[in-house]
Amino acid sequence: MSKKKLIIILIIAGLLIIGGVVLEKFIVKNRDEQKHKDFLSSYQNERTNQIKEVNPELYDRLIKQIEEANKKLAENSNDYNALISLGIAQNALGDLKSAIVSYKKASEVSPVGSIHWNNLADIYIRLEEYDKAEEAFINYIKNIPGDPDAYLGLARLYMTGKIGDTQKAKETIQQGMGIVADKTGLEQALKRVEEGQYP
C-alpha cells in the first residue's frame, strides 16, 4: 500500500471517529432534551390531575384565572398583573414551560417586580437548572437591590442542590446586609450559614 493511500485511509478513519463523537453528542443532547420534555409533560399531567381530584374548586378557579388573564392580555399584551396571574395559575397547574414564558414576559414589562424573579428561580430549581435559577436571583438583586428576599433566595440556592457553596452563600448575605434597610432576616440567615445550616 502506498504512503498516499495510507494517509487517505487515516484521514477517513479520523473523520469517521470525529463524526461518531459528534453524532453521539447529538444523540445524547436530543435524548436529554426529550427526557426534559417528557418530564415537563408528565409533571404537568400529574399536577393537574392531582388538583382536579383533591380540590376541584381550586382547579376551576385556576382555569378561570388563566382565561381571565388571557382575555386581559388579548387587550394589552404588556399587562403586568395579568402576566403574573397567568404565570401563577400555570405554575400551580404544573405547566412550568408556560409559566416560565409568562414570568419572563413579566420581567420584560416590569423588571422591578419581585414575584416573577422569585417564581422563575423557583421553577428553575425544581427543574435542576441551577444556572438559570442563579441568573433569575441575580436579576432580582440587580433590579430590586433593597429586597432582602432576593439575597436570601440566592444564598439558599448556593447552599442547596448541586451547588453547595457555603462561601458564596455568606458573601451573598453579606452583600445584602450592606444594602438593605432591615437586616434582621439577613443577620439570622448569616448566623445559620456560619453554623453550617440552611439559611
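Remember, predicted model here, so these are calculated numbers, not experimental data.

### A few points about the overall build of the protein chain
In terms of helices and strands, the protein chain carries 9 helices and 0 strands. Put simply, the protein chain runs from its N terminus to its C terminus through helices and strands in the order α-α-α-α-α-α-α-α-α. Within the protein chain, the proportion of its 199 residues that are buried is 35%. Carbon and sulfur atoms provide 54% of the accessible area of the protein chain, an area that totals close to 12,300 Å².

### Considering the packing of helix 6 (residues 130-143) against helix 7 (residues 148-159)
Two measures define how a pair of helices packs: the angle their axes make with one another and the distance between the axes. Orientation of helix 6 relative to helix 7, taken along the N-to-C sense of each, is 160 degrees, at an axis distance of 9 Å. The orientation of helix 6 relative to helix 7 falls into the category roughly antiparallel. Taken as a pair, helix 6 and helix 7 cross one another with a handedness that is left-handed. In contact with Tyr130, Ala133, Glu134, Phe137, Ile138, Tyr140 and Ile141 of helix 6, helix 7 contributes Asp149, Ala150, Tyr151, Gly153, Leu154, Leu157 and Tyr158.

### Some words on the environment of Lys52
Here Lys52 is to be found in helix 1 (residues 3-54). The exposure class of Lys52 is partly exposed, given its relative accessible area of 39%. Residues Lys52 and Leu93 lie 41 residues apart in sequence; the distance between their C-alpha atoms is 9.5 Å.

### Comments concerning the environment of Gly113
Turning to its location among the elements, Gly113 is positioned in the loop between helix 4 (96-109) and helix 5 (114-126). Sequence-distant contacts of Gly113, defined by excluding residues within four places in its chain, comprise Tyr80 and Ile144.

### A few points about the environment of Ala82
Considering the arrangement of structural elements, one finds Ala82 in helix 3 (residues 80-92). Once the C-alpha coordinates of Ala82 and Glu68 are considered, the two residues, 14 residues apart in sequence, prove to be 8.0 Å apart. The contact partners of Ala82, leaving out residues within four places of it in the chain, are Ala69, Lys72 and Leu73.

### Focus: the side chain of Asp147
With respect to the secondary-structure elements, Asp147 resides in the loop between helix 6 and helix 7. Although buried, Asp147 forms no salt bridge, and the nearest oppositely charged side chain, Arg156, lies 9.7 Å from it. Once residues within four sequence positions are removed from consideration, Asp147 is found in contact with Ser114, Tyr140 and Val180.

### Considering helix 6
Along its 14 residues, helix 6 runs 20 Å from first to last C-alpha, staying within 8% of the 20 Å computed at 1.5 Å per residue. For helix 6, every residue scored as buried is listed here: Tyr130, Ala133, Glu134, Ala136, Phe137, Asn139, Tyr140 and Ile141. Residues of helix 6 that are buried sit in contact with helix 5, helix 7 and helix 8 (166-177).

### Things to note about helix 3
Taking 1.5 Å of rise per residue, the 13 residues of helix 3 would be expected to cover 18 Å, and the 18 Å separating its terminal C-alpha atoms lies within 8% of that figure. Where helix 3 is concerned, the buried positions are Tyr80, Ala82, Leu83, Ile84, Leu86, Gly87, Ala89, Gln90 and Asn91. On the buried face of helix 3, the contacting elements are helix 2 (56-75), helix 4 and helix 5. Two or three places before Asn81, at the opening of helix 3, Asp79 has a side-chain oxygen 3.2 Å from that residue's backbone nitrogen. Gly94 sits one or two residues past helix 3 and shows a positive phi near 85 degrees.

### Focus: the pattern of salt bridges
Inspection of the entire model under this criterion finds 4 salt bridges. Notably, a salt bridge pairs Lys132 with Glu129, separated by 3.3 Å at the nearest N-O pair.

### Some remarks on the packing of helix 3 against helix 5
Taken N-terminus to C-terminus, the directions of helix 3 and helix 5 make an angle of 25 degrees; their axes are 11 Å apart at the nearest point. With respect to helix 5, the axis of helix 3 lies roughly parallel. Regarding helix 3 and helix 5, the two cross each other, and that crossing is left-handed. Where helix 3 approaches helix 5, its residues Tyr80, Ile84, Ile88 and Asn91 are matched on the opposing element by Ser114, Ile115, His116, Asn119, Ile123 and Arg126.

Definitions and cut-offs
- Residues numbered from 1 in each chain as written.
- Predicted model: local features only at pLDDT ≥ 70, side-chain atom pairs only at ≥ 80, totals over all residues.
- Heavy atoms only, no water.
- Helix = DSSP H or I, 4+ residues; strand = E, 2+ residues; numbered from the N terminus.
- Buried < 20%, exposed > 50% of the residue type's maximum accessible area, 1.4 Å probe, protein only.
- Areas by Shrake-Rupley, 256 points an atom, 1.4 Å probe, with all protein chains shown as cover.
- Axes fitted to C-alpha atoms, helices over the stretch in contact; angles between N-to-C directions.
- Parallel < 35°, antiparallel > 145°, perpendicular 65-115°, else oblique.
- Left-handed = near helix turned anticlockwise from the far one by under 90°.
- Contact = heavy atoms within 4.5 Å.
- Lys, Arg positive; Asp, Glu negative; His and termini not counted.
- Salt bridge = Lys/Arg side-chain N within 4 Å of Asp/Glu carboxyl O.
- Expected span 1.5 Å × (residues − 1).
- Polar contact = N/O pair within 3.5 Å; in protein donor to acceptor, adjacent residues only side chain to side chain.

That's the geometry; what it means functionally is another story.
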